[in-house]
Amino acid sequence: MGELSAAFATALRLVAERDPVLVEIVSLSLRVSLTALACACALGLPLGAALGALRFPGRAALRVAVNSLLGLPPVVVGLLVYLLLSRAGPLGGLNALFTPSAMVLAQAVLILPIVVALTAATVESLAEEYADQLRSLGAGPWRALPTLLVEGRAQLTIAVLAGLGRALGEVGAVILVGGNIAHATRVMTTAIALETSRGDLALALALGLLLVTLSLLLNGAAYGLRQASLRHA
């Protein structure tokens, strides 16, 4: 018990003193996850909006496929990205394996189904709610997409926050494609796993405390946005 208390005390000291190793790991984690989130949103928001508002053959099957990908195991994503970027893979010439770029790609693939599925659900609900108004204005499905995205911004922000939370907490995929290399590809989740196996509980706890804090902030922001949207509904 005394050893655990000492580890917690050291962890809090590392956070308070902004330990350079801690700052480096957290900074890389945020940089990788935010970049992956931006890439996933740039592709996922318009795709999700189109999937939610437009009617076309195979739409139902596509919705099922996207929803199924929500449970895609991270290690499988990591393996696929690894094969894609390996020397024998189609993108091997980029030499991106075991770099932050590979981690961004893996996280973006994991986030994309979340953004697409939640955007599709939000836009479909809004399209049904505003169907009469949109028809009276002569706005077809394609022209209505930007309006629906703007109207659903609160719910879509929740989807974005959910994607960021998934990225920050991911370990399986990033350790496969990043290699957990010190000062290069070591992020919070992979560092926690490594330092725990090494017995350095202080650093692992410090990273864990920061990760939990980020998770609480993201969930708090999502809850606040949800309550605000309900009040203005």
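Residues numbered from 1 in each chain as written. Predicted model: local features only at pLDDT ≥ 70, side-chain atom pairs only at ≥ 80, totals over all residues. Heavy atoms only, no water.

Let us now look at the packing of helix α4 (residues 74-85) against helix α5 (residues 100-129). It is the contact of α4 with α5, at a shortest axis distance of 10 Å, that shows an interaxial angle of 135°. Taken together, α4 and α5 sit at an angle that is classed as oblique. Judged by the twist between their axes, the crossing of α4 over α5 is right-handed. Across the interface between the two elements, Pro74, Val77, Val81, Leu84 and Leu85 from α4 touch Ala102, Leu105, Ala106, Val109 and Leu110 from α5. Tallied by class, the residues present in the contact of α4 with α5 amount to ten nonpolar, no polar and no charged. (Axes fitted to C-alpha atoms, helices over the stretch in contact; angles between N-to-C directions. Helix = DSSP H or I, 4+ residues; strand = E, 2+ residues; numbered from the N terminus. Parallel < 35°, antiparallel > 145°, perpendicular 65-115°, else oblique. Left-handed = near helix turned anticlockwise from the far one by under 90°. Contact = heavy atoms within 4.5 Å. Nonpolar A, V, L, I, M, F, W, Y, C, P; charged D, E, K, R; others polar.)

It is worth spelling out the state of the cysteines at this point. Structurally, a disulfide amounts to a covalent bond that connects the sulfur atoms of two cysteines. Tallying each qualifying case throughout the model produces zero disulfides. As a non-bridged cysteine, Cys39 has Cys41 as the owner of its nearest cysteine sulfur, 9.5 Å distant. Cys41 sits in the buried class, given a relative accessible area of 11%. (Disulfide = S-S within 2.5 Å. Buried < 20%, exposed > 50% of the residue type's maximum accessible area, 1.4 Å probe, protein only.)

This part takes up the environment of Val174. Residue placement: Val174 occurs in helix α9 (residues 172-178). Owing to a relative accessible area of 0%, Val174 belongs among the buried residues under this scheme. Here the alpha-carbon distance between Val174 and Leu79, two residues 95 residues apart in the chain, equals 9.9 Å. Those residues within four positions of Val174 in sequence are excluded, and the remaining contacts are Met103, Gln107, Gly179, Val187, Thr189 and Thr190.

Counting 42 residues, the largest nonpolar core has Ile111, Val177, Met188 and Leu207 as its most contacted members. Counting residues per element, the ones that place at least two in this core are α1 (2-16), α2 (20-53), α4, α5, α8 (153-168), α9, α10 (188-198) and α11 (201-231). Ranked by residue count, the leading element in this core is α2, at nine residues. In this structure Val177 touches Gly78, Val81, Tyr82, Leu97, Phe98, Thr99, Ala102, Met103 and Ala106, once residues within four positions along its chain are discounted. By size, the runner-up hydrophobic cluster in this structure holds eight residues, among which are Val123, Leu126, Leu145 and Leu148. (Core = buried A, V, L, I, M, F, W, Y, C linked by side-chain atoms within 4.5 Å.)

Structurally, the position occupied by Thr122 is in helix α5. In this structure Thr122 touches Gly152, Gln155 and Leu156, once residues within four positions along its chain are discounted.

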